[in-house]
Amino acid sequence: MKRLKWVAPFLLAFLFIAGCSVGTTNDSYTKVKESGVLVVGTEGTYKPFSYHDEKTNALTGFDVEVAREVGKRLGLKVQFKEIPWDGMLTSLSSKKIDMVANQVGIKPERQKKFDFSIPYTVSYAQIVVKNDNQTIHSIKDVKGKKAGQTTTSNYGKMAQDAGATIVPYEDMMSAMRDVAAGRIDLSMNDRLAIAQMMKQTHLPLKTVGEQVEKSSSALAFPKDSKKLVDEVNKALEDMKKDGTLAKISKKYFGMDVSK
């Protein structure tokens, strides 16, 4: 009897730990299904992907609409949290948010820390300089120049790898304004975001060089979110098959950027 008194607590503890381990990869999915809410991180300052409508101030954009449609197909209400880019993946790591919809490039170093959906955007990087700049013509010319970038972005790493000195910014538009003002030499970003920005802001800027480094962007999740990722992937696949993803894409870009 004395032996049983010692064994029982250890047996209960083992069963509890084992039970927790079994559900590890489903925790994110279970959480959102039980709450009925998918908490999505996005910038809200990255036009045309995630921004506020000038007339209504409502959050909108390509990534915002994609996330809303995914949530709808999963039977979930989507709640957006606007977070500067450099804090977004940290918020994802600490599980303050369930998913990021903000053109997150799929990179090996990120795949070690996060789970990713299938890609929903394919694009390229491009260099922007002031319209009277005569010294930067390609990626080879950025060495020793000041590049305004969000420090943890793909584009910041590209500029740094090319030898540029990184000047940190919280968002693309702040960097582009300083390029136009001559405070920094250049900024690199997504060609689609740049095209939209230049069309609407009329800043004294120009693009230079070839579009570089084809990149695929996906929705990002905390590590070990397999069940949630699987369900989101089903929704994205259905959106591709029934034309919804192409429709959202053409609304913002005039073409299908999902392939």
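Throughout what follows, the structure given in this document is the object of discussion. Keep in mind that what you see is a predicted model, and the values were worked out from it rather than measured. (Residues numbered from 1 in each chain as written. Predicted model: local features only at pLDDT ≥ 70, side-chain atom pairs only at ≥ 80, totals over all residues. Heavy atoms only, no water.)

1. Considering the environment of isoleucine 184
Alright, step 1. Mapped onto the elements, isoleucine 184 comes out in the loop between α7 (172-180) and β10 (186-190).
Alright, step 2. A C-alpha to C-alpha distance of 9.9 Å links isoleucine 184 and threonine 165, two positions 19 residues apart in sequence.
Alright, step 3. In contact with isoleucine 184, not counting residues within four places along its chain, are Lys146, Gly148, Val167, Tyr169, Ala175, Asp178 and Val179. (Helix = DSSP H or I, 4+ residues; strand = E, 2+ residues; numbered from the N terminus. Contact = heavy atoms within 4.5 Å.)

2. Considering the pairing of strand β1 (residues 37-42)
Alright, step 1. Taking burial as the measure, the six residues of β1 include six buried ones, the bulk of the element.
Alright, step 2. Side chains Val37, Val39 and Gly41 project from β1 onto one buried face, and the interleaved Leu38, Val40 and Thr42 project onto a second face that is buried too.
Alright, step 3. The pairing of β1 with strand β4 (residues 77-82) spans six bridges and is parallel. Each bridged residue has a counterpart across the sheet, and for leucine 38 the counterpart in β4 is valine 78. (Buried < 20%, exposed > 50% of the residue type's maximum accessible area, 1.4 Å probe, protein only. Pairing = 2+ DSSP bridges.)

3. Re the nonpolar core
Alright, step 1. Formed by 61 residues in total, the largest nonpolar core has its most connected members in Phe62, Val66, Val70, Leu219 and Leu236.
Alright, step 2. Setting aside residues up to four positions removed in sequence, leucine 219 forms contacts with Val70, Met99, Val100, Ala101, Asp115, Phe116, Ser117, Tyr120, Val232 and Leu236.
Alright, step 3. Val37, Val39, Trp85 and Leu92 belong to the second-largest nonpolar core, a separate cluster that totals 14 residues. (Core = buried A, V, L, I, M, F, W, Y, C linked by side-chain atoms within 4.5 Å.)

4. Points about unusual backbone geometry
Glycine aside, the phi torsion of most residues is negative, and most peptide linkages are trans.
Alright, step 1. Of the consecutive residues lysine 47 and proline 48, the connecting peptide bond is found in the cis state with omega at 5°.
Alright, step 2. Among the structural elements, proline 48 can be located in the loop between β1 and β2 (51-52).
Alright, step 3. Positive phi, close to 55°, is recorded for glutamine 103, a residue that is not glycine.
Alright, step 4. Looking at the secondary structure, you find glutamine 103 in strand β5 (residues 99-105).
Alright, step 5. Taking relative accessible area as the criterion, glutamine 103 reaches 10% and is therefore assigned buried.
Alright, step 6. Phi at aspartate 224 takes a positive value of approximately 65°, unusual for a residue other than glycine.
Alright, step 7. With respect to the helices and strands, aspartate 224 occurs in the loop between β11 (205-222) and α9 (226-241).
Alright, step 8. With a relative accessible area of 41%, aspartate 224 lands in the partly exposed category.

5. Some remarks on the pattern of salt bridges
Alright, step 1. Evaluation of the coordinates by the stated rule reveals 12 salt bridges.
Alright, step 2. Close ionic contact of aspartate 161 with lysine 157 constitutes a salt bridge, the shortest N to O distance being 2.9 Å. Residue aspartate 161 and its partner lysine 157 are both found in helix α6 (residues 154-161); the two are separated by four residues, about one turn of the helix.
Alright, step 3. Given a relative accessible area of 42%, lysine 157 falls into the partly exposed group.
Alright, step 4. Ionic pairing is found between glutamate 231 and lysine 227, a salt bridge with its closest N-O pair at 3.1 Å. Of this pair, glutamate 231 and lysine 227 both sit in helix α9, four residues apart, which is roughly one turn of the helix.
Alright, step 5. For glutamate 231, a relative accessible area of 16% puts it in the buried group.
Alright, step 6. Residue classification places lysine 227 among the partly exposed positions, given a relative accessible area of 29%. (Salt bridge = Lys/Arg side-chain N within 4 Å of Asp/Glu carboxyl O.)

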